[in-house]
Amino acid sequence: MTQAKYLCDKSSPLVSYNEKDWDILAGEAALISTWVPELVDVFYETVYAHDSTKSVFKDGERPKLEKTLQDWIASLVTGPKGAEFWDHQWVIALLHVRR
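Analysis parameters
- Residues numbered from 1 in each chain as written.
- Predicted model: local features only at pLDDT ≥ 70, side-chain atom pairs only at ≥ 80, totals over all residues.
- Heavy atoms only, no water.
- Helix = DSSP H or I, 4+ residues; strand = E, 2+ residues; numbered from the N terminus.
- Expected span 1.5 Å × (residues − 1).
- Bend = angle between axes of the 7 residues up to and from the residue.
- Buried < 20%, exposed > 50% of the residue type's maximum accessible area, 1.4 Å probe, protein only.
- Salt bridge = Lys/Arg side-chain N within 4 Å of Asp/Glu carboxyl O.
- Phe/Tyr/Trp six-rings, centres within 6.5 Å; stacked < 30°, edge-to-face > 60°.
- Lys NZ or Arg CZ within 6 Å of the ring centre and 35° of its normal.
- Core = buried A, V, L, I, M, F, W, Y, C linked by side-chain atoms within 4.5 Å.
- Contact = heavy atoms within 4.5 Å.

Q: Go over helix α3 (residues 29-48) with me, naming the residues and quoting the values.
A: In a regular helix each residue adds 1.5 Å, so 20 residues correspond to 28 Å; α3 covers 28 Å between its end C-alpha atoms and thus fits that length. Its maximal kink placed at Val-36, α3 deviates by approximately 40°, while the proline Pro-37 follows within four residues. Within α3 the residues assigned to the buried category are Ala-29, Ile-32, Val-36, Val-40, Tyr-44, Val-47 and Tyr-48.

Q: Requested: an account of the pattern of salt bridges, with residues and values cited.
A: A complete count under the given rule lists 4 salt bridges for this structure. A salt bridge links Arg-62 to Glu-45, with the nearest nitrogen and oxygen atoms 2.9 Å apart. Placement of the pair is Arg-62 in helix α5 (residues 62-78) and Glu-45 in helix α3, with a sequence separation of 17 residues. For Glu-45, a relative accessible area of 44% corresponds to the partly exposed category. The salt bridge partner of Arg-62 is Glu-66, with a shortest N-O separation of 2.7 Å. Of this pair, Arg-62 and Glu-66 both sit in helix α5, 4 residues apart, roughly one helical turn. Residue class for Arg-62 comes out buried when judged on its relative accessible area of 17%.

Q: An account of the packing of aromatic side chains is needed here, citing residue identities and associated values.
A: Under the criterion given, the structure shown has 5 aromatic pairs. With 6.2 Å between their ring centres and 70° between their planes, Tyr-44 and Phe-57 make a pair best called edge-to-face. Note that Tyr-44 is positioned in helix α3 and Phe-57 in the loop between α4 (51-54) and α5, a separation of 13 residues in sequence. Taking 5.0 Å as the distance between ring centres and 15° as the angle between the ring planes, the aromatic pair formed by Tyr-48 and Phe-57 counts as stacked. Grouped by ring-pair contacts, the aromatic residues Phe-43, Tyr-44, Tyr-48 and Phe-57 constitute a single cluster. Positioned above the aromatic ring of Tyr-48, the side-chain terminus of Arg-62 is 5.1 Å from the ring centre.

Q: Can you explain the nonpolar core? Please cite residues and give values.
A: A general tendency of soluble globular proteins is for nonpolar side chains to be buried together. Counting 12 residues, the largest nonpolar core consists of Ala-29, Ile-32, Val-36, Val-40, Tyr-44, Val-47, Tyr-48, Phe-57, Leu-65, Leu-69, Ile-73 and Val-77. For this core, the elements supplying multiple residues, two or more each, are α3 and α5. Looking at which element gives the most residues to this core, the answer is α3, with 7 residues. With residues up to four places along the chain from it excluded, the contact list for Ala-29 reads Val-77 and Thr-78.

These values are about where atoms sit, not about what they do.
Right under this line is the structure:
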């Protein structure tokens, strides 16, 4: 069992996340996708507005990070679900901790 699967199994009862939730997100994918550009822009404008968070980033990497965030949001509604999804989230979390 992967660490992500273990954590998912442990936390799922706490948040009651189930198959129906995946289906709702997938059903709203078109609407959610219209929000992505503004959501990403507001997120990075906020992060870059504060010296303490801005300092985490390297010069010139914002466009790449914006694309990565857009792709991640898309994966929430159109990507794989279940253990594969949680494994991917685990990797993302580790990359954030490393920063």
